[in-house]
Amino acid sequence: MIKALIARFRQGYRTMEFPSADIKLPARYLGLPKLKSLKLEAAAAACAYGAISAGANPALDLGRCVFCGACAQAAPEAVEFTQDYRLCASARQNLMITESDFKRAETLGADLRRIFGRSFRLRQVSAGGCAACEADCNVLQTIGWDLGRFGVQFVASPRHADGILVTGPVTRNMELALRKTYFAVSSPKVVIACGACAISGGPYAGHEECVGIPEDIPVDLYIPGCPPHPLTILDAILRLIGRIP
Amino acid sequence: MKIDHLSSFNFGAVDLDPALFLETAASRLAAGGRALAYFALPEGTAHRLVMAVGFDRESRVEVYSALFTGPLRALTPSFPQLHLFEREIWEQSGLKPEGHPWLKPIRFNTPGAVPGVADYFTVHGSQVHEVAVGPVHAGVIEPGHFRFQCHGERVFHLEIMLGYQHRGVEKRFIGGPDKRSLHYAETLAGDTTAGHAWAYCGAVEALSGVNVPPRAQALRGVMLELERLANHTGDLGALAGDVAYLPTASFCGRLRGDFLNMTALVCGNRFGRSMFKPGGAAFDLDDALLKELLLRLERTYRDVENAVSLLWDTGSVCDRFESTGTVSKEAAEGLGLVGPAARASGVGLDTRRNFPYGPYENFTLSVSGSGDVYSRAYVRWLEIQKSVELVRGWLENLPAGPVEAACGQLRPDSAAISLIEGWRGQICHFAVTGPDGKLRHYKVVDPSFHNWQGLAMALRGGEISDFPLCNKSFNLSYCGRDL
């Protein structure tokens, strides 16, 4: 017992302040991309995932981007990755990066904010993918991040949940389980698509083994990344429930 | 024939006729061989069965193949380590292993297959009951279906039915390498990005004949060991959490992140994405980064030592860990377990020693003998110490020179086996090229493919309430197995 107390003293208080201006990401971290030019031909050719379209409607689709940086390497004059980790969006089309400002996710309406704003429970559904998104959701439950202090919690049963957070491209083999989990959550409910896979199929887009989130499960929040940084996920969830203006 | 691992070889040289193939495979496995890979390679309308047998003590890999058109005789009854391989062959090629005791789908990806619907093993009798769990589990965790045959709390048998994570990655390597191949490798199992990326690069490099510069080898070693450190530390914390010992659970949860952040310092991504590339490494370290990494390594290691040592000193923890979920050495060898799970049962197998690659030389492995949860936890602690020593050594004496060599075309009609010791155990990638020098077939064997049956065995005769603890002590990958 005394050893545990000494260890507790030694390990110290480690919960980070969030949101905070002091958050420092590694210099090589790739955050929100910025288009420096709309001549995207070279960048589009370098992208393996069809995330960049050149020509008539040049744009970078954050929902498809795996943040490998190949475009910025091939066309540094056109694409640049910033250190901004705040990447969420409320609508799929808002993930299309053009020259105009990136439109981050909006807070739920006043009615829903009243219900979810101070206590928000999520059932996570892992549906394909590589489990890295799951790992970065799990990390939010550790003392470094302490998701619970914001009133947000991952729960075991969909019956206890206010919404689902989906990761993975939704494999054919997980479609039914996802559907059942979603319909087991009582309304009103929220759906969060976390990671490139859940948003667009990501690296697995076009595989016949994957079906994507079905159309009758409407998505309220998109969190891009492969996987999204825990800061990105936390920022997105807090924005949704109105804890970050 | 004998081949050198990690190098490419002329694929035609290993051809046998079907009867001789099965006979040879059986005799080599009986002589102590371990199946590294066993799969069906399409050849016209027929299939060529390919088996790679590893002899760990002699650091030798043997490859045999034979063209099959009809059914084959199952070897599983004599060699349980083949049971999942033969089911996979049946599911992927339609070749039926006659006499297989558990012939059922493993990924449910054939027409008409419904995930989780199969002929389950059942136990009947007074008060015997079945508990079914999943595919959606209680925590933030991957999907899988588990069926326990129980009598009261006691588990007679556990059957694990997966396939929910099957997203069809393996066959997308065929026709490559292309610009998506590397990311496919990196996401075979997200928490094993360095392991699988290295295995993929190793196969491609062997086929193109490029020599990876020493500095890149050392940097790859740093990434692989950081991955091991992060996962082992996280798992020790989770094990503590599963027995309600919160100090270590809390400390290790944070410390795992510190290792991931060190990885991000090198390549920008916490999982090591974009670091590996065929021919070398994508990022180099300057003096400032080296210093920073060394500083963080020492600081984090001191805290890990402090957090983990509490486990071994706490009676309530040891009481729950000891004699729980025991897998005997015989069972571990029979099932072909790999990695820390095998070493915890006293099996002296570590790719870094048995089939040394890259920067590893004179590696001494860590074995702990009792086969229970305690042993699987303790072996992780031994490996943490070893990994820190390795990373420190490489960072302090990073070889000078370039971090990349040009990787050319792949040799046509050849094959290569690439073996890497990922944090869960041996990763095997088997690549075969066609006459055009493109990948004609690609086989991935994640360590979890071997080890899931070990978890089922660990539960046998145990209590169902020990399942979470046993599960965490293995912490296997669903996506790495389902591909």
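The rules behind the values
- Residues numbered from 1 in each chain as written.
- Chains lettered and ligands numbered in written order.
- Predicted model: local features only at pLDDT ≥ 70, side-chain atom pairs only at ≥ 80, totals over all residues.
- Heavy atoms only, no water.
- Helix = DSSP H or I, 4+ residues; strand = E, 2+ residues; numbered from the N terminus.
- Rg over C-alpha atoms; globule rule 2.2 N^0.38 Å.
- Buried < 20%, exposed > 50% of the residue type's maximum accessible area, 1.4 Å probe, protein only.
- Contact = heavy atoms within 4.5 Å.
- Pairing = 2+ DSSP bridges.
- Axes fitted to C-alpha atoms, helices over the stretch in contact; angles between N-to-C directions.
- Polar contact = N/O pair within 3.5 Å; in protein donor to acceptor, adjacent residues only side chain to side chain.
- Domains from an automatic or database assignment.
- Buried area = accessible area lost by both parts, 1.4 Å probe.
- Salt bridge = Lys/Arg side-chain N within 4 Å of Asp/Glu carboxyl O.

Colleague: It is not clear to me how the overall build of chain B should be interpreted in this structure. Could you clarify?
Modeller: Along its length, chain B carries 15 helices and 16 strands. For chain B, whose C-alpha radius of gyration is 22 Å, the value lies close to the compact-globule estimate of 23 Å for 483 residues. By its C-alpha atoms, chain B is 65 × 60 × 40 Å across when sized along the principal axes. Among the 483 residues that make up chain B, the fraction classed as buried is 65%. Sequence-distant contacts, at least 24 apart, represent 67% of the contacts inside chain B between residues at least 6 apart.

Colleague: How do you make sense of the sheet that holds strand S3 (residues 59–61) of chain A when you look at a structure like this?
Modeller: Sheets are built from strands paired through backbone hydrogen bonds, the pairs being either parallel or antiparallel. Across the sheet, which stays open at both edges, the three strands sit in the order S2-S3-S5 (chain A) with antiparallel pairing between neighbours. Both outer strands of the open sheet, strand S2 (52–53) and strand S5 (96–97) of chain A, are each paired with one neighbouring strand and no more.

Colleague: What is the right way to look at the sheet that holds strand S9 (residues 128–133) of chain B in this model?
Modeller: All names here are of chain B. One open sheet accounts for three strands, arranged S9-S10-S11; its pairing is antiparallel. Sheet topology places S9 and strand S11 (154–161) at the edges, where each strand pairs with a single neighbour. Recorded for the sheet is a direction-independent mean angle of 20° between the axes of neighbouring strands. Pairing of strand S10 (residues 145–151) with S11 involves seven bridges; the strand directions are antiparallel.

Colleague: Please clarify how the environment of Asp191(B) should be interpreted in this entry.
Modeller: Examined against the element boundaries, Asp191(B) turns out to sit in the loop between helix H3 (181–186) and helix H4 (193–208). According to the relative accessible area criterion, Asp191(B) is buried, its value standing at 17%. Linking Asp191(B) and Gly480(B), residues 289 residues apart in sequence, is a C-alpha distance of 9.6 Å. The contact partners of Asp191(B), leaving out residues within four places of it in the chain, are Cys130(A), Glu227(B), Asn231(B), Phe271(B), Trp423(B) and Arg424(B). A polar contact is formed between the side chain of Asp191(B) and the side chain of Thr192(B), at a distance of 2.9 Å.

Colleague: Sorry if this is basic, but what is going on with the domain arrangement of chain B here?
Modeller: Many descriptions give the size of an interface as the accessible area lost when the pieces come together. Residue and element names in this part refer to chain B. The domain boundaries assigned to chain B delineate domain 1 (2–98) and domain 2 (170–445). Taking the mean C-alpha position of each, domain 1 and domain 2 sit 27 Å from one another. Summing both sides of the interface, domain 1 and domain 2 together bury roughly 2400 Å²; the carbon and sulfur share of this comes to 63%. Counting across the interface, domain 1 meets domain 2 through two salt bridges. Measuring nitrogen to oxygen at the nearest pair gives 3.0 Å for the salt bridge that ties Arg440 to Glu43.

Colleague: Which parts of the structure should I look at to understand the interface of chain B and chain A?
Modeller: Opposite the 59 residues of chain B that make contact, chain A presents 56 residues. Carbon and sulfur atoms make up 53% of the surface buried where chain B meets chain A, a total of about 4400 Å² over both sides. Between the two partners, chain B and chain A, sit eight salt bridges. Between Glu208(A) and Arg172(B) there is a salt bridge, with the nearest N and O atoms lying 3.1 Å from each other. The tally of links between chain B and chain A comes to 31 residue pairs in polar contact (both at pLDDT 80 or more). Only H3, helix H6 (246–267) and helix H7 (287–313) of chain B provide two or more residues apiece to the side of chain B that touches chain A.

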